[in-house]
Amino acid sequence: MIRVENLTKVFYPKKPKTFLSARSKASAANGAITALDNVSFTLNDGEITGLLGLNGAGKSTLMRLIYGLLHPTAGDVWVNEHQLSVAPNAARQQLGVLPDDTGLYKRLTARENIRYFGELQGLAGAPLEVAINQLIDWLGMETIAERRTEGFSLGERMKTALARAIVHQPQHVLLDEPTNGLDVITTRSVRRLLHELKAQNRCVIFSSHLMHEVSGLCDRILVIHQGHILADGNLDAIMDAGKATNLEDAFVNLVQATSKETIDE
Amino acid sequence: MNNFIKTLLIVWRKEWRDALRDKKSLRMAFLMPVYFVGVFVASSLFIIHMNQQSRATTSEPIKLSVVGADQLPALVIWLEERGVQVQAADEQAYQQVQNGQLDYALIVPEGAREKFATGESIELALVFDATNNKLQGALHFVRQQIWSWNGRIGSLRLLSRGISPAIVNPLVVRDLNVASDQKMGFFVMASLPMLLILTVFMATVGFSADMTAGERERRSLESLLITPAPSGALLLGKWLNSLLLTFLVVVVELILLAIAFAYVPFKELGLRVDVTPLDLLLVMVVLMSMALVATALQFVISIFARSFKDAQTYMGLMIFIPMIPLFYTLINPGAYADWFRWVPVLGQQLLVKDLLLGGALSPQAFAQAWLVAVTLAALFLTFTARQLRKPNIVYGAS
C-alpha cells in the first residue's frame, strides 16, 4: 500500500543571489512552477494503477516524490507503515522502481547488472540467483543475459532495467513509462510481467500517455493534469467523468475542461 | 554497521570489475608512470651526457703547437708535465690558425733562449680564434699553465737574489669550483617528488569522473540511489576503487623508478643515490597518505560536474592545487619552515625528498602527514556523501 497525503511540489527558479534587490526576489518567486498541488490518494495491493497524463503533467515528479529523490514542498508519502521523510531507506526497501529513461552499466553483462542491484537490495547467494533466473525466464532474456549491455537495443535495455528494478521482489512496483518505444513483442512481455505481479498481490503503479495500454491493463486509473488529479477510478468511472464512451475521448474532455478553467480565470 | 560494510564491498566489487573492463581508462592510468619515469630517466641521462661531454674536453689531452719549442725547453717540459701534448710547428703557424688548419698555436720568438738566460722578459704569442667557443677550455688551461710557470720562474729568480716572492705576489687566488652539472643533477632529483605527487593526483581522474558524473550522464545514478544502500557506503565503495587503482599505479611507478635507480649512473652526476627497497616502501606510505586526499578531492569535484567531460575539465584545473606548493619549493629550494610539514602536498613532498635524497627522517613527520590527510579525506568524503542524494546532484540543475 502506498499512501500519498496532500503532496505538493513547487519548483523555484534558480535561487536569487543575495545581492539582488527585494523586487527582483519577488519576481523570481513569481516564476515558480507548481508541479503537484495538494495531491492525495492511496494505492492498494493487488491492483495495477495507471497514471495517465500529458507530457509535463507531473507524472515523473509524482514518481520521484514517491521514491524519495525529490523532496516534497508539503505533504508526505507512506510506503506501508514507513513514512518516507522519516525512514527513507526502509521505505525504499519495499519499492521496485524503473525510472524514466534509466541507464545500464555498459561494461557489465545483463545478468551482472541485475545481480548488482539484487545485492544492493540485500539479496545474496542462491535466492538471488533463483530470482535472477526467474526474471530472465519471464522476460525472455535468455539470449542476452550473458552479453555486455553495450549495444543493447531499446527493448533489451528496457527488459534488463525492468528486471533490475524488481529483482528483490518488492511489494510495490513503480514504473515510469515502461513501454515507451518498445516493439509489440517486448510490450507484451512487459504486460505479462505486470499481470504476474498483480497475481502475486503486489501494488503496481505505472505512468503512461498511451490510452490503449492503460485501458487494457489497469484496474484503476489516475488522470493527472497540471499537478492535479482530475479523475480517479476504474475505466468506467473515468469514462463517466469525461462524458465519453472511450478512454481517449474521456481523457481529452477532462484535460480540456481544466485548461479552459485556467484560461477563464 | 555490518550492513554498511557489506554494501561498501558490493559497490567496490562492481566498480572494480567495471574498471578492469575499461581498457581505455586503464591504459591511460598505467601509461602515466611509464611516461613520468621515462621523462625522468631521459632528463637524467641527458644531464649525465652533458656532464661527460664537458669533462671530455678537459680530460682529453690538450694538443699545443709550439713554434720555436727549442728556445724555451724548460717551459715545454713544464707543459708536458701538466699533460699538454706539445707539437713542433713551423713558421706558418699564424696563417694556419687563420685558415683553421690549426686550432691555436704558441709562438716563441727567436732569441728567447738568450733572454731567458740573462733574465730578460720574453714576449710569447698565443694565436687563436676567439670565435671558436670549443677552445675556451683548452686555451684557458694552457694560459694558466704558462702563467704558473711564469710565476714559478719569477719566484725562483727572486729567491736566488734573497728576496721573498710574497713581495711581488700579494695575492694568491685559489679556485673552488662548484660544478654546475651537479646542481642540475640535484634539480632533476628534486623534481622527482613532484612527479610522484602529480601521479597520485592524476592516476584515477578518469575513473572517479566515470563513477560519479559519468554515471549520472548515463542515467544509472538515479536507479542506484533508489536502492536502500546508504549514501556513505555507495561513495566509499567507489572511492575505495579509486584509491586502490591509485595504489597500483604508484606501485608500478616505484618499481620503474627502482629499475631506473639501479641502471642510470647517477654517480656520474656526483649524486650518491642509494635508495633501498625500504626507502621506496616508505615513499609508498607517504604517497598513499596523499592518495587519500587526492582521490577524495576527485569525488568532491566530479560530483558537482554536470557531465563526464565537465568533470575532466575541472580535474585538469585541480592539478594546479598540488602544483602551487610544488612550484614554490622548486623556485625556492632552500625554503623550509616547520609548519610546511602540516601542509598537505608540501609535507609529503618534503618526506619523499628526504627519503630519496637522504635527509633526516622522523616518525613524527609521517604521523603529521597521515593525520592531516585522513582528516581532510574524511571531510571531503562526508561532504560528498551528504550531497549524493540531493535532487540537484541526481537530476542536474534544479
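Everything numeric in this text was worked out from a predicted model, so none of it was measured. Numbering of residues starts from 1 in every chain and runs along the sequence as written. Chain letters and ligand numbers both follow the written order, the letters beginning at A and the numbers at 1. With the structure being a predicted model, the display of local features is reserved for residues of pLDDT at least 70 and the display and counting of side-chain atom pairs for 80 or more, all residues being used for whole-chain, interface and lining totals.

A closer look at the overall build of chain A
Each helix corresponds to a stretch of at least 4 residues labelled H or I by DSSP, and each strand to a stretch of at least 2 residues labelled E; elements are numbered beginning at the N terminus. Each helix and strand counted, chain A has ten helices and ten strands in total. Its C-alpha atoms give chain A a radius of gyration of 20 Å, near enough to 18 Å, the size a compact globule of 265 residues would have. With respect to the principal axes defined by its C-alpha atoms, chain A has extents near 60 × 55 × 40 Å. Evaluated residue by residue, chain A yields a buried proportion of 43% over its 265 residues. Note that the radius of gyration is over C-alpha atoms, with the globule rule given as 2.2 Å times the number of residues to the power 0.38. For the exposure call, what matters is how many other C-beta atoms sit within 10 Å of a residue's own: 20 or more marks it buried, 12 or fewer exposed, and in between partly exposed, using C-beta atoms placed from the backbone.

A closer look at the overall build of chain B
Along chain B, the regular secondary structure elements total 17 helices and four strands. For 398 residues, the compact-globule formula gives about 21 Å, and the C-alpha radius of gyration of chain B, at 33 Å, lies well above that figure. On the principal axes, the C-alpha backbone points of chain B span a range of 110 × 45 × 35 Å. Every one of the 398 residues in chain B was classed for burial, and the buried ones make up 33%. Each residue gets a C-beta atom placed from its backbone, and two residues are in contact if those atoms lie within 7 Å. Partitioning the contacts of chain B with sequence separation of at least 6, the portion at a separation of at least 24 is 75%.

What about the interface of chain B and chain A?
Counting residues at the interface gives 20 residues for chain B and 24 residues for chain A. Those elements giving two or more residues to the side of chain B that touches chain A turn out to be α1 (2-21), α10 (221-226) and α17 (391-394) of chain B. Each residue receives one of three labels: charged for Asp, Glu, Lys and Arg, nonpolar for Ala, Val, Leu, Ile, Met, Phe, Trp, Tyr, Cys and Pro, and polar for the others, Gly being one of them. When grouped by side-chain class, the residues that make up the side of chain B that touches chain A number seven nonpolar, five polar and eight charged.

Focus: the sheet that holds strand β10 (residues 228-233) of chain A
Residues and elements named next belong to chain A. We treat two strands as partners when DSSP finds at least two bridges between them. With mixed pairing, six strands are arranged side by side in an open sheet as β6-β7-β8-β3-β9-β10. Strands with a single pairing partner mark the edges of an open sheet, and in this sheet they are β6 (95-98) and β10. The average undirected angle you get between the axes of adjacent strands in this sheet is 15°. Axis lines are fitted to C-alpha atoms, over the contacting stretch for helices. Their N-to-C directions set the angle, which ranges from 0 to 180 degrees. Helix α6 (residues 154-166) contacts β6 and β7 (172-176) of the sheet and is inclined by roughly 165° relative to β6. The strands touched by helix α7 (residues 184-199) are β3 (47-52), β7 and β8 (203-208); relative to β8, the strand with the most contacts, the crossing angle is about 150°.

Here we look at unusual backbone geometry
Residues and elements named next belong to chain A. In the Ramachandran plot, D101 falls in the positive-phi region, its phi being about 55° despite a non-glycine side chain. With respect to the helices and strands, the residue D101 is situated in the loop between β6 and α4 (110-120). Look at D101 and you get exposed, because 11 C-beta atoms sit within 10 Å. Here Q169, not a glycine, exhibits a phi torsion of approximately 50°, which is positive. Topologically, Q169 is positioned in the loop between α6 and β7. According to the C-beta neighbour criterion, Q169 is partly exposed, with 17 such atoms within 10 Å.

So, the packing of helix α11 (residues 231-263) of chain B against helix α16 (residues 363-388) of chain B
Residue and element names in this part refer to chain B. It is the contact of α11 with α16, at a shortest axis distance of 9 Å, that shows an interaxial angle of 125°. Here α11 lies oblique to α16, going by the angle between them. Remark: the crossing between α11 and α16 carries right-handed chirality. In this structure, α11 contributes S231, G232, L234, L235, L236 and W239 to the contact, and α16 contributes L381, T384, A385 and L388. Tallied by class, residues from the contact of α11 with α16 come to seven nonpolar, three polar and no charged. Should an angle fall under 35 degrees it is called roughly parallel, over 145 degrees roughly antiparallel, and 65 to 115 degrees roughly perpendicular, with every other angle called oblique. Working rule for handedness: look at the near helix, and if it is turned counterclockwise from the far one by less than a right angle, call the crossing left-handed; if clockwise, right-handed.

Observations regarding the environment of L388(B)
Residue and element names in this part refer to chain B. Structurally, L388 can be placed in helix α16. Taking the C-beta count within 10 Å as the criterion, L388 has 20 such neighbours and is therefore assigned buried. The sequence separation of L388 and L225 amounts to 163 residues, and the corresponding C-alpha distance is 8.2 Å. In this structure L388 touches L225, S231, L234, L235 and I393, once residues within four positions along its chain are discounted.

Section: the nonpolar core
Throughout this description, the term nonpolar core refers to a group of buried Ala, Val, Leu, Ile, Met, Phe, Trp, Tyr and Cys residues whose C-beta atoms join them within 7 Å. By size, the foremost hydrophobic cluster in this structure holds 143 residues, and its most contacted members are V223(A) and V200(B). Considering every element that reaches this core, the biggest residue donor is helix α12 (residues 277-304) of chain B, with 13 residues. Dropping the residues within four chain positions of it, V223(A) is found in contact with L52(A), G53(A), I229(A), L230(A), A231(A), I238(A), F251(A) and L254(A).

Some points on the sheet that holds strand β2 (residues 84-89) of chain B
All names here are of chain B. A sheet is described by the order of its strands in space; here four strands give the open sequence β2-β1-β3-β4, paired in mixed fashion. Unpaired on one side and paired on the other, β2 and β4 (125-128) mark the two borders of the sheet. Averaged over all neighbouring strand pairs, the angle between strand axes comes to 30°, with direction disregarded. In terms of strand pairing, strand β1 (residues 62-67) meets β2 through six bridges, oriented parallel. Its bridge partner lying in β2, V67 is registered against A89. Here helix α3 (residues 73-81) sits on the sheet and contacts β1 and β2; the angle it forms with β2, its principal contact strand, is near 140°. Sitting on the sheet, helix α6 (residues 136-160) touches β1, β2, β3 (104-107) and β4, and the angle it makes with β1 is about 60°.

Here we look at the pairing of strand β9 (residues 220-225) of chain A
Residues and elements named next belong to chain A. Most of β9 is tucked away, with five of its six residues classed as buried. Two elements, β3 and β9, share four bridges in a ladder whose sense is parallel. In the strand pairing of β9, L51 is matched with L222. The pairing of β9 with β10 spans five bridges and is antiparallel. Residue pairing in the sheet places I221 in a bridge with G233 of β10.

With respect to the confidence of the model for chain A
Per-residue confidence for chain A averages 88 on the pLDDT scale, and 92% of its residues sit at or above 70. As a per-residue measure, pLDDT tells how confident the predictor is, with possible values from 0 to 100. Of all the helices and strands in chain A, helix α1 (residues 22-30) of chain A carries the lowest mean pLDDT, 54, while α4(A) carries the highest, 96.

Points about α6(A)
Three- or four-residue spacings in an α-helix give side chains the same orientation, since the helix completes a turn every 3.6 residues. The end-to-end C-alpha distance of α6(A), which contains 13 residues, comes to 18 Å, matching closely the 18 Å that a straight helix rising 1.5 Å per residue would cover. With ten of 13 residues buried, α6(A) lies mostly within the body of the structure. By this rule, a helix spans an expected 1.5 Å times one less than how many residues it contains.

Some details on the packing of α4(A) against α6(A)
All names here are of chain A. The interhelical angle for the contact between α4 and α6, taken along N-to-C directions, is 25°, at an axis separation of 8 Å. Judged by the inter-axis angle, α4 sits roughly parallel to α6. By crossing handedness, the relation of α4 to α6 is classed as right-handed. In this structure, α4 contributes A110, N113, I114 and F117 to the contact, and α6 contributes T160, A163 and R164. In the contact of α4 with α6, the residues fall into four nonpolar, two polar and one charged.

Observations concerning the confidence of the model for chain B
For residues with low pLDDT, the predicted coordinates do not support detailed interpretation. The predicted model of chain B averages 86 in pLDDT, with 93% of residues at 70 or higher. Both scores are given for the predicted complex: the pTM is 0.79, the ipTM 0.89.

Focus: the environment of F383(B)
Residue and element names in this part refer to chain B. Here F383 is to be found in helix α16. Classification of F383 by C-beta neighbours within 10 Å gives partly exposed; the count is 13. Separated by 151 residues in sequence, F383 and G232 place their C-alpha atoms 9.9 Å apart.

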